[in-house]
Structures are given as structure tokens and as C-alpha cells.
Amino acid sequence: MRALVAAPGAPGEAELREVAEPELTPGHVLVRVKAVSLNRGEVRVLATAPEGWRPGWDLAGVVERSGPGPTAPPEGARVVGVVSEGAWAELVAVPIHHLAPIPDKVTVAAASTLPVAGLTAYRTLLIGGASPDWPVLVTGAAGGVGRFAVQLAAHDGADVTAVVGRPERGEGLLELGASAVSVGMPASGEHHTILESAGGRSLAAALGLVAPYGVVISYGNSSGETTTFDVRTLYRRSGRLHGFYVFSEIERLGGATADLMMLAELLADGRLEAEVSLEADWSEAPAAFAALMDRRVRGKAVLHVS
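Within every chain, residues take consecutive numbers counted from 1 along the sequence as written. A pLDDT threshold of at least 70 governs which residues receive local features in this predicted model, and a stricter bar of 80 or more applies before side-chain atom pairs are shown or counted, although totals over entire chains, interfaces and linings include all residues. Only hydrogens and water are removed before side-chain values are computed, so all heavy atoms of the structure are retained for them.

Things to note about the pattern of salt bridges
Counted as salt bridges are all cases of a side-chain nitrogen of Lys or Arg within 4 Å of a carboxyl oxygen of Asp or Glu. A complete count under the given rule lists 14 salt bridges for this structure. Two residues, Arg32 and Glu64, come together in a salt bridge whose shortest N-O distance is 3.0 Å. Of the two residues, Arg32 is situated in strand E3 (residues 28-37) and Glu64 in strand E4 (residues 58-66); the sequence distance between them amounts to 32 residues. Exposed residues in this analysis have more than 50% of their type's maximum accessible area, buried residues have under 20%, and partly exposed residues fall in between, with area computed by a 1.4 Å probe over protein chains only. A relative accessible area of 30% means that Arg32 is categorised as partly exposed. Look at Glu64 and you get partly exposed, because its relative accessible area is 36%. Notably, a salt bridge pairs Arg166 with Glu168, separated by 2.7 Å at the nearest N-O pair. The structure contains a network of salt bridges with shared partners spanning Arg147, Glu171, Glu275 and Arg298. Numbered from the N terminus, helices here are DSSP runs of H or I no shorter than four residues, and strands are runs of E no shorter than two.

If you want it as C-alpha cells, here you go:
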């Protein structure tokens, strides 16, 4: 079978190669992948990944072979799933509790955007809270996590401030439920829940904007910068800084099936929108990687596994 693997020096630092098919082990199903969505974290690591390493987190496809057990999805079922590596392949062995069925109304491309971005948005909002009395600020709001977070927080009635890096990146966020769009971090204000993905100076600014007893949830460092801040700005408000990593959260919960099912049903019902602004065949992966890292993708980028 074929897979996208790390190839230092190649365009995009990756290339399609023939690799061994995965073995079907107990507690897993073999999924024939139809689409994968890209995340900045997995693309960024390609620059330093060893030769032959197999990247990829999000996938959607069809169950090729299912093992025994009452909870295993049947062969031929359309499923969305998440793995810690190796999703960019024709066949992937996925833990049963990392899979959920795809509703008939949802395309595989839309479903593939849910695992990392959707789970991160949903779980960080559960940690921080969102309600009419609980203002929310979302940095990186034009990206995959950000657009899901804006919608989910708005559904809970929260007053949502969406932070973007450039004016054009804010297009469509008001329609998704944001109360305000800010180019760069606001200079003032108080927010009970702040979802922070830029790191560096953005994280330091977020700690100065958190409301008393509020929380800043850090789940990314797209700036690549270190963060320096005066801790008094946080503890004088009895605020919290919470670090979030989606794979640790999946492990803590014992799986992702329930959350993925819920998010997929929201997509099917039209209560959640998965904006896929870039779709390409996986043979065009290097160009898709460049567009994503250059912030030319609004929402999510999806590769179709031909």
C-alpha cells in the first residue's frame, strides 16, 4: 500500500511511498482511508522528522476489515477516526474507541476535519465553560479549532471575541456566531474563558485579559515563541493557566467515540459547519502543506486519498 512518509529534502519534506500494510490486532479495525485533514502541528514536525516517519492524525474512510467484538463497526461502514501517527495512508489500523460512524448527510471530507480540531474545540470549552454570563475569547479563530470553537461557544450563548492575524482572516466569523472580531489581541477587556493557540506574546496578553476566576487554556504555540509574563497578573485575579493536549485528553477519557459521534451529528443537523477551504489529492500534499503553514487556508485543508 501507499503512504505519505517523512522524506527530508523532498518537496514538503514528505513523499508517497510503498509501505507494509498494517496488521489487524485485537481492539482495532482496518480502515481504508478516503480523506485526511491537515493540522499545523503534524505538518510542522515534518521539518525535523526522521526519514520514513509516518505522520497523520485525522482520517475518514470505510471499514475494510473488522475484528471480533460487539462494539466493532461492521465492514463497509463509513467512519471517522483519530490516531497518534500514520493516518496519511491507504490503510490504517484504528482503535475501536477512537472511531465513530459518519452520518449519511456528512461527506468524508467534512468528517475528517472533526478529530483533532473538533475535539480540541469541544473539550477546551468544557474545561473553560461557555454561557451567556461567561465571555469567551478565541485566538487563531480563522483556523480549524478556532472556527469550531466560535460556533460551539456561540451555541451555548456565550459572547465570543474571535482574534485573527489579518483582517481578511476574520471573514465569516460573525456569521458563525462571533460577537466581535479583533485583528490582534484586544488591548482591554475581561474574558472568563480564553482559548489560546499562538503562544509567545499572544499568551502573555491573554493572561492579562482573563477575568477573575477565569481560565486561559493553552493548546498550541503557532508563533514558536517563548512566553514571558508577570505571574501577578494571573494570581491577583485568581485566574488559571491550563495546558491542553488532545491526545492526553483522549487517553484520559478512554477514547474519542462519544465526542466524535456528537460532533458528527451536529454536522449532519446543520448546527455545526466544517469549513474546508482547500481540497486536493494527496499527491499534491506539498502545496497543501505550504498553504496551511502560510495561513492561506481558512478553516481546514483536506487531502483525498486517491
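Here the narrative resumes.
Concerning empty space enclosed by the protein
The rule is simple: put a 1 Å grid over the protein atoms alone, call a set of points where a 1.4 Å probe fits but cannot get out a cavity, call an open set with protein on both sides within 12 Å along at least five of seven lines a pocket, and count a residue as lining if it has an atom within 4 Å of a point. Grid points are joined across faces, edges and corners, and a volume is the space filled by probe spheres set on the points. Scanning the entire structure with this criterion turns up two cavities of 30 Å³ or more. By volume, the largest cavity amounts to about 60 Å³. For the largest cavity, the full set of lining residues is Gly143, Gly144, Arg147, Phe148, Gln151, Leu176, Glu273, Ala274, Glu275, Gly299 and Lys300. It is helix H4 (residues 144-155) that provides the largest number of residues to the lining of the largest cavity, a total of four residues.

Looking at the sheet that holds strand E9 (residues 160-164)
Strands are treated as partners if at least two bridges between them are detected by DSSP. Taken together, six strands build an open sheet; the order of strands is E10-E9-E8-E11-E12-E13 and the sheet is parallel. The open sheet terminates on both sides in strands that have one partner only, identified here as strand E10 (180-183) and strand E13 (240-243). Sheet twist, expressed as the mean angle between neighbouring strand axes with direction ignored, is 20 degrees. Note: strand E12 (residues 210-218) against E13, four bridges, orientation parallel. Bridge pairing in E13 links Val215 to Arg240. Contacts are residue-level and defined by heavy atoms, with any inter-residue pair within 4.5 Å sufficient. An axis is simply a line fitted to the C-alpha atoms; with a helix, the fit covers only the stretch in contact. Between two such axes, the angle follows the N-to-C directions and lies from 0 to 180 degrees. Together, strand E11 (191-196), E12 and E13 form the strand contacts of helix H6 (residues 200-207), whose direction differs from that of E12 by roughly 155 degrees.

Thoughts on the environment of Gly81
Of note, Gly81 is situated in strand E5 (residues 78-82). For the pair Gly81 and Tyr245, spaced 164 residues apart in sequence, the C-alpha to C-alpha distance is 17 Å. The residues contacting Gly81, other than those within four sequence positions of it, are Trp57, Asp58, Leu59, His98, Leu99, Pro115 and Leu260.

A short note on the layout of surface pockets
Volume-wise, the largest pocket comes out at about 1,000 Å³. Lining the largest pocket are 44 residues, with Arg40, Ser197, Tyr219, Ser222 and Arg295 positioned closest to its centre. Every element with two or more residues in the lining of the largest pocket is listed here: helix H1 (40-44), helix H3 (114-128), H4, E9, H6 and helix H8 (246-253). Counted by class, the lining of the largest pocket contains 18 nonpolar, 18 polar and eight charged residues. Taken as a whole, the second largest pocket holds about 180 Å³ of empty space. Every residue along the wall of the second largest pocket is listed here: Tyr122, Leu125, Leu126, Gly129, Ala130, Leu152, His155, Asp156, Met262, Leu266 and Arg271. Counting only elements with at least two residues in the lining of the second largest pocket, the list comes to H3, H4 and helix H9 (257-268). The element that contributes the greatest number of residues to the lining of the second largest pocket is H3, accounting for three residues. For this scheme, ten residues count as nonpolar: Ala, Val, Leu, Ile, Met, Phe, Trp, Tyr, Cys and Pro. Four count as charged, namely Asp, Glu, Lys and Arg, and the remainder, Gly too, count as polar. Classifying every residue of the lining of the second largest pocket gives seven nonpolar, two polar and two charged.

Topic: a nonpolar patch on the surface
A surface patch of nonpolar side chains, amounting to about 370 Å² of accessible area, comprises Phe229, Val231, Tyr235 and Leu241. Relative to the elements of secondary structure, Phe229 occurs in the loop between E12 and helix H7 (232-235). Every patch collects residues that have over 30% relative accessible area and no salt bridge, joining them within 9 Å if they carry like charges and within 5 Å if they are nonpolar side chains (Val, Leu, Ile, Met, Phe, Trp, Tyr). Accessible surface is estimated by sampling points in the Shrake-Rupley manner with a 1.4 Å probe; for residues, cover comes only from the protein chains shown.

A few points about H9
Here H9 spans 16 Å end to end across 12 residues, near enough to the 16 Å set by a 1.5 Å rise per residue. Gly270 occupies a position one or two residues after H9 and carries a positive phi of about 80 degrees. In this scheme, a helix's expected span is set at 1.5 Å multiplied by one less than its residue total.

Interpretation in functional terms is not warranted from these geometric data alone.
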